[in-house]
Amino acid sequence: FRSTEAWKVDCRDCRTLVGCPIRAKTSGMGTEFIQTIQALAPSATVVAVVLTWLQLIQVRKQARTTFEDRLTEQYRRIMEDIPTDIWLGSELKILGDGQQARCRDAIYRYIDLSNEEAFLYSKKRVTKDAWIEWRKGIKTNMKLPAFAEVWAQVKEKSPASFDELRETCGMTSN
């Protein structure tokens, strides 16, 4: 028989020794640890899957918010070309020719953006809350004389265009 001290020396270099008293004391702890890890692994996997799923939901919400914010920025850029008098209810004819053309073009771009927003809502690409606000704004703006004038021209010259806007905002008759 070898002494315990001899086994200590041998154990450092060889992991295959059978009957090593040092190895016998530590091998049970390793087995228990592995068994505990194996028992917890399915639960840890479920937790990881749930956390990943929640993260994906959060990322999708953030992406949708960013997308909606870009549409709002586009709206603001278009609105910069519309004079205050038009917002206060004046007709296009009060503007000079150059300003009238720019304003008419901006209103047309607004109608196009509004149609795109209606389409995106119909495809569930924007939230219901955003669409409710946008739709309310669209209906309010389209009642302004200058907007109504441009909309009448668009409907007359492009009767097959802007279907989403017509349908979702009920703008078939105005």
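Residues numbered from 1 in each chain as written. Predicted model: local features only at pLDDT ≥ 70, side-chain atom pairs only at ≥ 80, totals over all residues. Heavy atoms only, no water.

Asker: Honestly, the overall build of the protein in this entry has me stumped. Any pointers?
Answerer: Of regular secondary structure, the protein possesses seven helices and zero strands. When its helices and strands are written in sequence order, the protein yields α-α-α-α-α-α-α. Counting every position in the protein, which comprises 174 residues, the buried fraction comes to 25%. In the structure as shown, the protein presents an accessible area of about 12200 Å², 55% of it carried by carbon and sulfur atoms. (Helix = DSSP H or I, 4+ residues; strand = E, 2+ residues; numbered from the N terminus. Buried < 20%, exposed > 50% of the residue type's maximum accessible area, 1.4 Å probe, protein only. Areas by Shrake-Rupley, 256 points an atom, 1.4 Å probe, with all protein chains shown as cover.)

Asker: Explain the packing of aromatic side chains here, please?
Answerer: The relation between two aromatic rings is expressed through the spacing of the ring centres and the mutual angle of the planes. Scanning the model with the defined rule gives six aromatic pairs in all. Ring geometry for Trp87 and Phe147: centres 5.4 Å apart, planes at 45°, overall tilted. Of this pair, Trp87 sits in helix H3 (residues 84-87) while Phe147 sits in helix H6 (residues 145-157), placing them 60 residues apart in sequence. Exposure remark for Phe147: the relative accessible area of 0% places this residue in the buried category. (Phe/Tyr/Trp six-rings, centres within 6.5 Å; stacked < 30°, edge-to-face > 60°.)

Asker: Got a minute to help me understand the environment of Glu68 in this structure?
Answerer: On the secondary structure map, Glu68 appears in helix H2 (residues 21-79). Looking at Glu68, the relative accessible area reads 10%, which means it is buried. Distance in space between the C-alpha atoms of Glu68 and Val126 is 6.6 Å, their sequence separation being 58 residues. Sequence-distant contacts of Glu68, defined by excluding residues within four places in its chain, comprise Val126, Thr127, Ala130 and Trp134. (Contact = heavy atoms within 4.5 Å.)

Asker: Can you help me understand the nonpolar core in this one?
Answerer: Inside soluble globular proteins, nonpolar side chains tend to come together where they are buried. Residues Ile107 and Ile111 are the most contacted members of the largest nonpolar core, which totals 32 residues. Mapped by element, the contributors of at least two residues to this core are H2, helix H4 (97-122), helix H5 (128-142) and H6. Broken down by element, the residue count for this core peaks at eight residues, all from H4. (Core = buried A, V, L, I, M, F, W, Y, C linked by side-chain atoms within 4.5 Å.)

Asker: Where do I start with unusual backbone geometry in this structure?
Answerer: With the exception of glycine, most residues fall at negative phi, and the peptide bonds are largely trans. Here Lys124, not a glycine, exhibits a phi torsion of approximately 65°, which is positive. Phi is positive for Phe162, close to 60°, though the residue is something other than glycine. With respect to the element layout, Phe162 can be found in the loop between H6 and helix H7 (163-168).

Asker: Could you clarify how one ought to interpret the pattern of salt bridges in this entry?
Answerer: Applying the stated criterion across every chain, the model contains five salt bridges. The partner of Arg109 in a salt bridge is Asp81, and the shortest N-O contact between them spans 2.9 Å. Taken together, the positions of Arg109 in helix H4 and Asp81 in the loop between H2 and H3 put the pair 28 residues apart, joining distant regions of the chain. Residue class for Arg109 comes out partly exposed when judged on its relative accessible area of 29%. Among the residues examined, Asp81 registers a relative accessible area of 35% and is labelled partly exposed. The structure contains a network of salt bridges with shared partners spanning Asp81, Asp105 and Arg109. (Salt bridge = Lys/Arg side-chain N within 4 Å of Asp/Glu carboxyl O.)

Asker: When you look at a nonpolar patch on the surface in this model, what are you seeing that I'm missing?
Answerer: Taken together, the side chains of Val46, Val47, Val50, Leu51, Trp53, Leu54 and Ile57 make up a nonpolar region of the molecular surface, amounting to roughly 650 Å² of accessible area. Inspection of the secondary structure assignment puts Leu54 in helix H2. A residue is classified by how much of its surface remains accessible, and Leu54, at 43% relative accessible area, is partly exposed. (Patch = residues over 30% accessible without salt bridge, like charges linked within 9 Å, V, L, I, M, F, W, Y side chains within 5 Å.)

Asker: What is the right way to look at the side chain of Asn141 in this model?
Answerer: For Asn141, the location among the structural elements is in helix H5. Non-local contacts of Asn141, meaning those with residues more than four positions away in its chain, are made with Tyr75, Trp87, Tyr110 and Phe147.

What is shown is where atoms sit, not what they do.
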